[in-house]
Amino acid sequence: MLFGRDYWRGLADWLKERVAGEGKISPEDLNLFLVTDDPKEALGWIVEARERRTRAFRAMNAAGQATR
């Protein structure tokens, strides 16, 4: 999470245009962070990421239990 759009805009643009544009990272990698000025958006993004991680963890554990 990068808080402060004006402050982080240059880095985010560089990552998108230069690094992803040159194929050094996947365009999907740009979804690994959020640049925002909105505390509610930041909180929502954190909560959603936690929920995805929890679902993935539960699925991984369920798959491990099924193989035993």
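We now turn to the structure provided with this report. The structure presented is a predicted model; accordingly, all values stated were derived computationally and were not measured.

**Quick notes on the overall build of the protein chain**
The helix and strand inventory of the protein chain stands at 2 helices and 2 strands. Helices and strands in the protein chain line up, N terminus first, as β-α-β-α. Taking the principal axes of its C-alpha atoms as reference, the protein chain extends roughly 50 × 30 × 10 Å. Across the 68 residues that make up the protein chain, the buried fraction comes to 16%. For the protein chain, the share of sequence-separated contacts (at least 6 apart) that also reach a separation of at least 24 residues comes to 56%.

**Focus on the pattern of salt bridges**
Taken as a whole, this structure holds 5 salt bridges when the rule is applied. Its salt-bridge partner being Asp6, residue Arg9 comes within 3.2 Å of it at the nearest N-O pair. Within this pair, Arg9 and its partner Asp6 are both found in helix α1 (residues 5-20), separated by 3 residues, close to a single helical turn. Owing to a relative accessible area of 63%, Asp6 belongs among the exposed residues under this scheme. Between Glu22 and Arg18 there is a salt bridge; the shortest N-O distance is 2.6 Å. Its relative accessible area of 41% is what places Glu22 among the partly exposed residues. Under the relative-accessibility criterion, Arg18 is labelled partly exposed at 48%.

**Re the packing of aromatic side chains**
For the coordinates displayed, the defined rule picks out 1 aromatic pair. Here Tyr7 and Trp8 contribute two aromatic rings whose centre-to-centre distance is 4.9 Å and whose plane-to-plane angle is 85°, an arrangement assigned as edge-to-face. Classification of Trp8 by relative accessible area gives partly exposed; the value is 26%.

Reading guide: rules and limits
- Residues numbered from 1 in each chain as written.
- Predicted model: local features only at pLDDT ≥ 70, side-chain atom pairs only at ≥ 80, totals over all residues.
- Heavy atoms only, no water.
- Helix = DSSP H or I, 4+ residues; strand = E, 2+ residues; numbered from the N terminus.
- Buried < 20%, exposed > 50% of the residue type's maximum accessible area, 1.4 Å probe, protein only.
- Contact = heavy atoms within 4.5 Å.
- Salt bridge = Lys/Arg side-chain N within 4 Å of Asp/Glu carboxyl O.
- Phe/Tyr/Trp six-rings, centres within 6.5 Å; stacked < 30°, edge-to-face > 60°.

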